[in-house]
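If you want the building blocks of each chain, they are given just below.
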Amino acid sequence: MIRMSLRQFRVQALVGAILLVLATIYLLRLGGEIRAVRDPSQLPSQYTQAMLFLATGFGLVPAIIGAFWGAPLVARELENGTHRLVWNQSVPRRRWLAVKLTVLGLASMAVAGTLSALLTWAASPVDQANGDRFNAILFGARDIAPIGYAAFGFVFGAVTGLLVRRTLPAMALVFLAVIAVQFAVPNLLRPHYMPAERVTVPMTVDAINQARSLGSITGGPVVGGLEIPDAWVTDTSELRTPDGRQLSAAAFNECFNNAPKTGANGTFGDTAVCLGKLGLHVDLAYQPNRRFWPFQWIELALYLGVSALLAAVGLWRVQRRVS
């Protein structure tokens with residue numbers, strides 16, 4: 001069974017091996033170039049965009065594995081009827097599927113783990129200079145979490161192919177679904193893996209000018225992009241008055257649209273001066289960078305656990321329904 005699974009997988013394995021070799025050569029060269037920069041303070045300006053681009057591309061790997069390795073694994077055999085040949089040789093259905101999931105799932109995890117190790121090594125000087133370990137894109141392309149993503153993508157693809165029974169529809173569905181999961185988890189689940197720490201930050205003129213945005217589409221009294229050193233800010237309250245109440249939209253809009261002219265500099269100029277006189281503050285929830293590794297292990301365990309549940313669903317389904 002293992003030999004047959006590997007033989008059926010040889011084309012995908014060859015393509016994957018070629019791409020892995022090319023990626024290895026590129027990342028080793030990139031890592032060497034980064035380490036040749038004498039002034040580490042120059043690394044963010046030179047390589048941050050490249051790191052984001054690579055991390056974004058790396059984020060597609062689980063979807064590609066799921067669509068091109070996982071989805072056709074069972075769906076193609078069901079379409080062609082070749083699964084009956086194996087079962088007529090007294091191979092139990094569950095063993096047939098379990099071997100496929102185990103052998104090729106481990107191969108998927110190995111590929112993702114190798115790519116992650118190479119990218120983590122190449123990018124480590126830039127990451128140290130930036131200090132932003134929880135960036136939503138970068139976090140998913142570093143260390144051990146990508147191993148879980150690959151396992152999920154592959155198993156989800158295989159089980160979807162088993163249920164859909166058509167290769168091309170399963171590939172399209174898996175690709176889109178895995179990307180959706182990769183987007184949802186960092187925004188909906190990751191901020192809550194551990195209880196957030198909280199701090200109240202006075203909204204002085206300088207603090208307001210350090211924000212990336214002010215106000216919302218609806219005109220709400222919000223400030224965005226506030227940062228805490230060595231931490232990931234997961235939630236920012238609306239602007240609050242000294243008594244803890246939310247700043248009224250009327251007061252906010254008055255400063256935003258009709259601030260007295262003072263000739264102030266800074267990102268928000270006179271608006272920041274006007275708001276700064278109101279004694280405002282915001283409440284921030286954040287995850288300190290020291291929790292990076294616990295979050296990596298939690299996310300790996302989450303994806304592996306979901307993968308195990310999906311595999312169990314596939315084993316139940318293949319035994320009871322597939323003919």
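Owing to the predicted nature of the structure, the values given are computational and were not obtained by experimental measurement. (Residues numbered from 1 in each chain as written. Predicted model: local features only at pLDDT ≥ 70, side-chain atom pairs only at ≥ 80, totals over all residues. Heavy atoms only, no water.)

(A) Expanded view of the overall build of the chain. Per the secondary structure count, the chain includes 13 helices and five strands. Over its C-alpha trace the chain gives a radius of gyration of 25 Å, far above what one expects of a compact globule, namely 20 Å for 323 residues. Expressed as lengths along the three principal axes of its C-alpha atoms, the size of the chain is roughly 85 × 50 × 30 Å. Relative to its 323 residues, the chain shows a buried fraction of 45%. A sequence separation of at least 24 residues applies to 79% of the contacts in the chain between residues at least 6 apart. Put simply, the chain shows about 16,800 Å² of open surface, and 61% of that area lies on carbon and sulfur atoms. Distance from the positive charge centre (28 side chains) to the negative charge centre (18 side chains) of the chain: 21 Å. (Helix = DSSP H or I, 4+ residues; strand = E, 2+ residues; numbered from the N terminus. Rg over C-alpha atoms; globule rule 2.2 N^0.38 Å. Buried < 20%, exposed > 50% of the residue type's maximum accessible area, 1.4 Å probe, protein only. Contact = heavy atoms within 4.5 Å. Areas by Shrake-Rupley, 256 points an atom, 1.4 Å probe, with all protein chains shown as cover. Lys, Arg positive; Asp, Glu negative; His and termini not counted. Charge placed at Lys NZ, Arg CZ, Asp CG, Glu CD.)

(B) Quick look at the domain arrangement of the chain. Domains assigned within the chain are domain 1 (1-194 + 291-320) and domain 2 (204-279). Each of domain 1 and domain 2 was reduced to a C-alpha centroid, and the two centroids are 41 Å apart. (Domains from an automatic or database assignment.)

(C) Representation of the layout of surface pockets. By volume, the largest pocket is sized at about 690 Å³. Counting residues per element, the ones that place at least two in the lining of the largest pocket are α7 (136-139), α9 (167-189), β3 (223-224) and β4 (231-236). Its residues placed into classes, the lining of the largest pocket shows 16 nonpolar, nine polar and six charged. Taken domain by domain, the lining of the largest pocket gets at least three of its residues from each of domain 1 (1-194 + 291-320) and domain 2 (204-279). Taken as a whole, the second largest pocket spans an internal volume of roughly 570 Å³. As for the second largest pocket, its lining consists of 20 residues, of which L19, L20, A23, V61 and L115 are closest to the centre. Sorting the residues of the lining of the second largest pocket by element identifies α2 (10-36), α3 (43-59), α4 (61-80) and α6 (93-130) as the ones contributing at least two each. If one sorts the elements of the lining of the second largest pocket by residue count, α2 sits on top with eight residues. Its residues placed into classes, the lining of the second largest pocket shows 17 nonpolar, three polar and no charged. (1 Å grid on protein atoms, 1.4 Å probe; cavity = no way out; pocket = protein on both sides within 12 Å on 5 of 7 lines; lining within 4 Å. Points joined across faces, edges and corners; volume = space filled by probe spheres on them. Nonpolar A, V, L, I, M, F, W, Y, C, P; charged D, E, K, R; others polar.)

(D) α6, seen in detail. If you look at α6, its biggest bend is around 55°, right at S124, and the proline P125 turns up within four residues after that. Once α6 ends, the next one or two residues include G131, with phi positive near 70°. (Bend = angle between axes of the 7 residues up to and from the residue.)

(E) Main features of the state of the cysteines. Here the structure, examined in full by the defined rule, presents one disulfide. Through a disulfide, C255 is tied to C274; the S-S separation comes to 2.0 Å. Taking the sign of the S-S torsion, about -60° here, the bridge from C255 to C274 comes out left-handed. Of the two residues, C255 sits in helix α11 (residues 249-258) while C274 sits in helix α12 (residues 269-276), which places them 19 residues apart along the sequence. There is no split in this pair, since C255 and C274 are both buried. (Disulfide = S-S within 2.5 Å.)

(F) Structural view of the sheet that holds strand β5 (residues 281-288). Across the sheet, which stays open at both edges, the three strands sit in the order β1-β5-β4 with antiparallel pairing between neighbours. Edge positions in the sheet fall to β1 (197-202) and β4, since each has one partner strand and no second. In this sheet, neighbouring strand axes are inclined to one another by 40° on average, regardless of whether the strands run parallel or antiparallel. Bridge count between β1 and β5: six bridges; the pairing is antiparallel. Its bridge partner being in β5, V201 is matched across the sheet by V282. (Pairing = 2+ DSSP bridges. Axes fitted to C-alpha atoms, helices over the stretch in contact; angles between N-to-C directions.)

(G) Structural detail: the environment of R291. As for its placement among the helices and strands, R291 is situated in the loop between β5 and α13 (292-320). Judged by its relative accessible area of 12%, R291 falls in the buried class. Along the sequence, R291 and W232 sit 59 residues apart, while their C-alpha atoms lie 9.9 Å from each other. In this structure, R291 is in contact with F134, M194, P195, A196 and E197, ignoring residues within four places of it in sequence.

(H) A look at the environment of A98. By the secondary structure assignment, A98 is in helix α6. A residue is classified by how much of its surface remains accessible, and A98, at 27% relative accessible area, is partly exposed.

(I) Representation of the environment of S213. With respect to the secondary-structure elements, S213 resides in strand β2 (residues 213-214). For S213, a relative accessible area of 32% translates into the label partly exposed. For the pair formed by S213 and C274, sequence separation is 61 residues and the distance between their alpha carbons is 16 Å. Beyond its immediate stretch of four places on either side in the chain, S213 contacts V223, G224 and F268.

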